[in-house]
Amino acid sequence: MWQLKDKMKARIGIITAFAAISVYTAVQAQPVVVRFTEGTVHGFLVLRSGADETIAQGELLQVAYKDRVDSRFILNFKDGSLYDERVSFSQRRVFTMLSYQLIQRGPSFPDTLDVSMDRKTGEYQVRSRSGTDGPEELIAGRLELPPDVYNGMIVTVLRNLERSEHETVQYVTFMPKPKLVELELLPVTDETVLVGDLSKQATQYVLKPQVGSLVHFFGSLMGKLPADFRYHFWILSEGVPAFVRFDGPLYLNGPSWRLELLSPQLSENPDSKVLLQK
C-alpha cells in the first residue's frame, strides 16, 4: 500500500499535476464557446530544461471528423521516458471533452501512469505504479463529468478566449481517485515575440488552481509544497491565435521545463542535394 507522500505525487496531465493536493469547492463554470474550429494539425515540439538543454522532442497529431476531433500529444525523452496524452472532443458551439487518456512512464517521472476516462459512460480507470518497480495499483469507477472539464485541451481553450479575457474551467485530477479542480486562466501581460524578422504580440496566461483550505495541512505534512502554483502559457494574440510557449513542470514538485515549437528543415546532406538536382 502506498504511503500518503506517494499518493500526493503527480497523477495526470501537462498542467493538472500541480493541483493534485487541492480540494474542489467552486461553483461550476460554463463551457468555452468555439471561436475558431479545430482542424487537422501536425505540429513538432521540443522540451528543454531550465539549462536550455533539449530533453525531449514531441509531436501534436490532430484529425477533425464530422462529430469529433481526435488530438494526441506525444513527448519522447532522451532517457527513454514517454508522455502520451490523447483527447477527443466535440466543437458544436461549445467545446466538450468526450474522452481522455494519459500514459506516463520512464525515469523522468516519479510514477508510472495509465489513465483513461469517458464522458458518455462516466467510466474511469487508473493504473499506477510508484517509480518503475513498485506494485501496480488499479482503481476504476464512474464519474459524472461537468460540461466545462478540459483535460488535455488547455491550449485549445486559451486559443478561443477573447483577448484579455479571464476564464475559469475544471480539470479532473487523480490522487489516485478522481477529484474535480477549478482552474483559473488569467491573462497577465502582452509581450513581443519574434517570428523570423517580424514582431508579433503574444498574451501570457497564468494558470492558477483554486486550492482549498486543506492545502496548508497537506503542505506541512509533505514539507515541500511548491512556492508557486502557477504555470505559464504564451498565445499569439494577433488575428488567428497560435501556441507559442509553455513554462512549468509536468508533475508536482518537478523541474520547470519549457515547451516550444519546432520548424521542419530539409536535410543538407550530399544525397539530398543530388536528389534535388535530378
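If you're wondering where the values come from, they're calculated on a predicted model, not measured in any experiment. (Residues numbered from 1 in each chain as written. Predicted model: local features only at pLDDT ≥ 70, side-chain atom pairs only at ≥ 80, totals over all residues. Heavy atoms only, no water.)

1. Things to note about the overall build of the protein chain
Short version of the rule: Helix and strand definitions follow DSSP, with helices as H or I runs of at least four residues and strands as E runs of at least two, each counted in order from the N terminus. Only protein chains enter the accessibility calculation, which uses a 1.4 Å probe; a residue is then buried when its area is under 20% of its type maximum, exposed when over 50%, and partly exposed in between. We call two residues in contact when some of their heavy atoms are within 4.5 Å. In short, Shrake-Rupley with a 1.4 Å probe defines the accessible areas, and a residue's cover is counted only from the protein chains shown.
Scanning the protein chain from terminus to terminus reveals four helices and 14 strands. Across the 278 residues that make up the protein chain, the buried fraction comes to 49%. Nonlocal contacts in the protein chain, meaning residues at least 24 apart in sequence, comprise 50% of its contacts between residues at least 6 apart. When the accessible surface of the protein chain is split by element, carbon and sulfur atoms take 51% of a total near 14,200 Å².

2. What about the pairing of strand β7 (residues 123-130)?
In plain terms, the rule: We treat two strands as partners when DSSP finds at least two bridges between them.
Residue alternation in β7 divides its side chains into a buried set, Tyr124, Val126, Ser128 and Ser130, and an unburied set, Glu123, Gln125, Arg127 and Arg129. Across seven bridges, strand β6 (residues 111-118) lies against β7 in antiparallel orientation. Considered in β7, the bridge of leucine 113 is made with serine 128. In terms of strand pairing, β7 meets strand β8 (residues 136-142) through seven bridges, oriented antiparallel. For arginine 129, the partnering residue across the bridge sits in β8 and is glutamate 136. The loop that links β7 with its antiparallel partner β8 comprises five residues; one of these, glycine 131, has a positive phi angle of about 70 degrees.

3. Some details on the nonpolar core
Within soluble globular proteins, side chains that are nonpolar tend to cluster in buried spots. To be explicit about the condition: In this text, buried Ala, Val, Leu, Ile, Met, Phe, Trp, Tyr and Cys residues form a nonpolar core when linked through side-chain atoms within 4.5 Å.
Counting residues in each nonpolar core, the largest one holds 50 residues, and the members touching the most others are Leu47, Leu75, Phe77, Ile154, Leu158, Leu185 and Leu250. If we ignore the near neighbours within four places in the chain, the residues touching leucine 75 are Leu47, Ala56, Gln57, Gly58, Ser81, Leu82, Tyr83, Leu250 and Leu259.

4. Quick look at the packing of aromatic side chains
Quick note on the threshold: Stacked, tilted and edge-to-face are the three classes applied to pairs of Phe, Tyr and Trp rings, where Trp contributes its six-membered ring and a pair requires centres within 6.5 Å; stacked means planes under 30 degrees apart, edge-to-face means over 60, and tilted covers the rest. Remark: a charge is flagged as sitting over a ring if the NZ atom of Lys or the CZ atom of Arg is within 6 Å of the ring centre and within 35 degrees of the ring normal.
This model, assessed by the stated rule, comprises nine aromatic pairs. Taken together, a centroid distance of 5.8 Å and an interplanar angle of 55 degrees make the contact between phenylalanine 77 and tryptophan 257 tilted. A residue pair is termed long-range when its members are at least 10 positions apart, and phenylalanine 77 in strand β3 (residues 69-77) and tryptophan 257 in strand β14 (residues 257-262) qualify at 180 residues. Among the aromatic side chains, those forming a connected cluster through ring pairs are Phe73, Phe77, Tyr83, Phe109, Tyr251 and Trp257. Lying over the aromatic face of tyrosine 65, arginine 68 brings its terminal NZ or CZ to 4.4 Å of the ring centre.

5. What about the pattern of salt bridges?
Our working definition: We define a salt bridge as a contact between a side-chain nitrogen of Lys or Arg and a carboxyl oxygen of Asp or Glu at a distance within 4 Å.
Applying the stated criterion across every chain yields a total of 14 salt bridges. Between arginine 48 and glutamate 260 there is a salt bridge, and its shortest N-O distance comes to 2.9 Å. Linking arginine 48 in strand β1 (residues 41-48) with glutamate 260 in strand β14, this pair joins segments that are 212 residues apart in sequence. Residue arginine 245 is joined to aspartate 247 by a salt bridge in which the shortest nitrogen-to-oxygen separation is 2.8 Å. For aspartate 247, a relative accessible area of 16% puts it in the buried group. One continuous salt-bridge network, built from bridges that share partners, spans Arg48, Asp52, Arg258 and Glu260.

6. A look at the side chain of glutamine 91
Within the secondary structure layout, glutamine 91 lies in strand β4 (residues 82-92). With sequence-adjacent residues up to four places away left out, glutamine 91 is seen in contact with Val34, Thr37, Glu38 and Val69.

7. Overview of unusual backbone geometry
Of note in this structure, aspartate 52 is not a glycine but carries a positive phi near 70 degrees. When its relative accessible area of 45% is taken as the criterion, aspartate 52 is described as partly exposed. The backbone of serine 164 sits at a positive phi, close to 70 degrees, despite the residue not being glycine. Within the secondary structure, serine 164 sits in the loop between α2 (154-159) and β9 (167-174). You can call serine 164 exposed: its relative accessible area is 53%.

8. Here we look at the pairing of β9
The buried fraction of β9 is high, at eight of eight residues. Burial along β9 is two-sided: Glu167, Val169, Tyr171 and Thr173 and Thr168, Gln170, Val172 and Phe174, pointing in opposite directions, are all buried. Alignment of β9 against strand β10 (residues 178-195), held across eight bridges, turns out to be antiparallel. Opposite valine 172, over in β10, you have leucine 180 as the bridge partner. Joining the antiparallel neighbours β9 and β10 is a turn of three residues.

9. Overview of the confidence of the model for the protein chain
Note the following rule: The pLDDT score gives, residue by residue, the confidence of the prediction method on a 0 to 100 scale.
Of all residues in the protein chain, 79% attain a pLDDT of 70 or more, and the chain-wide mean is 83. Of all the helices and strands in the protein chain, helix α3 (residues 215-222) carries the lowest mean pLDDT, 41, while β3 carries the highest, 98. Counted against residues more than four places away or in other chains, residues 1-27, with its pLDDT under 50, gives 101 contacts. Residue range residues 213-227 is modelled with pLDDT below 50. Its contacts to residues more than four positions away, or to other chains, number 20 contacts.

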